[in-house]
Amino acid sequence: MTTPPLIVFTDLDGTLLDHETYDWSPAKPVLNDLAERGIPVILTSSKTAPEIAELRSAMALDAWPAICENGAGVMPAGAGELPDRAPYFQLREVLNQVPDALRQHYCGFGDMDASGVAEATGLPLESAEKAALRAFSEPGVWTGTDEDRGAFVAALAALGVTARDGGRFLTLGWGRMKSDAMAEVLAMYGQPPSIALGDAPNDIEMIQNATHGVIIPNPHRAPLSPLQGEAEGRVIREQLAGPEGWAHAVRDISRRYK
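Residues numbered from 1 in each chain as written. Predicted model: local features only at pLDDT ≥ 70, side-chain atom pairs only at ≥ 80, totals over all residues. Heavy atoms only, no water.

A. Main features of the overall build of the protein chain. A tally of regular secondary structure across the protein chain gives 10 helices and 11 strands. Relative to its length of 258 residues, the protein chain is compact, with a C-alpha radius of gyration of 18 Å against a globular reference of 18 Å. Dimensions of the protein chain, computed from the C-alpha atoms along their principal axes, are close to 55 × 40 × 35 Å. Within the protein chain, the proportion of its 258 residues that are buried is 50%. Counting contacts in the protein chain only where the partners sit at least 6 residues apart, residues at least 24 apart contribute 64% of the total. Entry remark: accessible area of the protein chain is about 11,400 Å², with carbon and sulfur atoms responsible for 53%. Positive and negative charge centroids in the protein chain, built from 21 and 35 side chains respectively, lie 6 Å apart. (Helix = DSSP H or I, 4+ residues; strand = E, 2+ residues; numbered from the N terminus. Rg over C-alpha atoms; globule rule 2.2 N^0.38 Å. Buried < 20%, exposed > 50% of the residue type's maximum accessible area, 1.4 Å probe, protein only. Contact = heavy atoms within 4.5 Å. Areas by Shrake-Rupley, 256 points an atom, 1.4 Å probe, with all protein chains shown as cover. Lys, Arg positive; Asp, Glu negative; His and termini not counted. Charge placed at Lys NZ, Arg CZ, Asp CG, Glu CD.)

This is the structure in structure tokens:
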């Protein structure tokens with residue numbers, strides 16, 4: 001496989017996709033430019049494989065792999081079979097071992113029907129059904145106190161499950177992160193320079209491990225704390241939110257690579 005001059009890893013919700021409308025049209029000209037230059041764009045999200053497959057095709061990115069469910073799975077380029085859902089059902093079993101006093105405050109996608117997922121995500125019903133087809137991880141809404149949330153996360157950790165704060169949800173998983181999958185994809189392409197863009201705590205490791213890290217501001221959440229690499233300028237904070245900020249940052253950085 002030929003090593004490209006650059007590779008882009010991007011979060012979706014609140015980064016390449018507008019937080020409220022899920023629109024990505026402001027990024028289209030930059031995506032088209034990257035495609036013409038043979039620069040892979042790797043969608044890297046907490047979304048499921050069915051969700052990402054639909055978006056990847058709409059964005060004309062089927063030539064590249066994608067990373068689903070916060071790094072738990074790497075989807076090959078092109079259409080393919082959906083991943084085995086056994087790890088998800090095991091995760092649900094562990095979740096239900098948490099004491100009821102804590103468990104009652106967490107409503108995961110598996111606790112909702114499709115209309116509930118649609119309401120929680122703001123997605124149309126058909127898209128919400130795809131969002132519910134988890135294979136590795138469980139997003140959910142925490143409704144208890146911060147103190148109980150800490151106890152909930154600790155109880156899960158004792159059972160081997162991690163909890164990460166994403167753009168919208170507290171997502172449970174088996175410990176694999178976006179940065180782990182990013183390293184796997186970089187190895188596939190011969191370790192080219194990389195850009196990683198995101199807006200939420202579950203993007204931090206990916207942003208810090210890229211050649212160029214970009215924090216996209218999200219007015220719907222508190223800003224990320226200072227990250228490794230910011231002091232020397234390897235990690236930057238974009239001023240524009242969503243796909244507008246994505247396009248501005250990627251256009252600026254990618255111009256340095258021929």
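Now that the structure is up, let's keep going.
B. Fine view of the packing of helix α1 (residues 28-36) against helix α10 (residues 242-254). Following both chains from N to C, one finds α1 and α10 inclined at 30 degrees, their axes separated by 9 Å at the closest point. Taken together, the axes of α1 and α10 lie roughly parallel to each other. Here α1 runs over α10; the crossing is left-handed. On α10, the residues that touch Val30, Leu31 and Leu34 of α1 are Trp246, Ala247, Val250, Arg251 and Ser254. Of the residues that constitute the contact of α1 with α10, the class distribution is 6 nonpolar, 1 polar and 1 charged. (Axes fitted to C-alpha atoms, helices over the stretch in contact; angles between N-to-C directions. Parallel < 35°, antiparallel > 145°, perpendicular 65-115°, else oblique. Left-handed = near helix turned anticlockwise from the far one by under 90°. Nonpolar A, V, L, I, M, F, W, Y, C, P; charged D, E, K, R; others polar.)

C. Structural detail: the side chain of Gln208. Its place among the elements puts Gln208 in helix α9 (residues 204-209). Assessed through its relative accessible area of 18%, Gln208 is described here as buried. At 3.0 Å, the side chain of Gln208 and the backbone nitrogen of Gln228 are in polar contact. Beyond its immediate chain neighbours, meaning those up to four positions away, Gln208 contacts Leu227, Gln228 and Arg234. (Polar contact = N/O pair within 3.5 Å; in protein donor to acceptor, adjacent residues only side chain to side chain.)

D. Region of the structure containing the sheet that holds strand β9 (residues 194-198). Taken together, 5 strands build an open sheet; the order of strands is β2-β1-β9-β10-β11 and the sheet is parallel. Each edge of the sheet is formed by a strand with only one pairing partner; in this case those strands are β2 (41-43) and β11 (235-237). Neighbour-to-neighbour, the strand axes of the sheet open up by a mean angle of 20 degrees, direction not taken into account. Of the strand pairs in this sheet, strand β1 (residues 7-10) and β9 are connected by 4 bridges, and their pairing is parallel. Residue pairing in the sheet places Phe9 in a bridge with Ala196 of β9. The strands touched by helix α8 (residues 178-188) within the sheet are β1, β2 and β9, with β1 carrying the most contacts at an inclination of about 160 degrees. (Pairing = 2+ DSSP bridges.)

E. How the structure looks around the nonpolar core. Formed by 55 residues in total, the largest nonpolar core has its most connected members in Phe9, Leu43, Met59, Leu197 and Trp246. Per element, the largest residue contribution to this core is 5 residues, and it comes from α10. Setting aside residues up to four positions removed in sequence, Met59 forms contacts with Leu12, Leu16, Leu17, Trp24 and Leu43. Core analysis: the second largest hydrophobic core is formed by 14 residues, Leu95, Ala155, Leu156 and Leu172 among them. (Core = buried A, V, L, I, M, F, W, Y, C linked by side-chain atoms within 4.5 Å.)

F. Region of interest: the pairing of strand β10 (residues 212-215). Judged by which residues are buried, β10 turns out to be covered on both faces: His212 and Val214 on one side and Gly213 and Ile215 on the other are all buried. Two elements, β9 and β10, share 4 bridges in a ladder whose sense is parallel. Within β10, the position partnered with Ala196 by the bridge is Gly213. Following the chain from β9 across α9 to the adjacent parallel β10, one finds a crossover that is right-handed. Pairing analysis gives 3 bridges linking β10 to β11, with the strands arranged parallel. Within β11, the position partnered with Gly213 by the bridge is Val235. (Right-handed = clockwise from strand over helix to strand, strands pointing away.)

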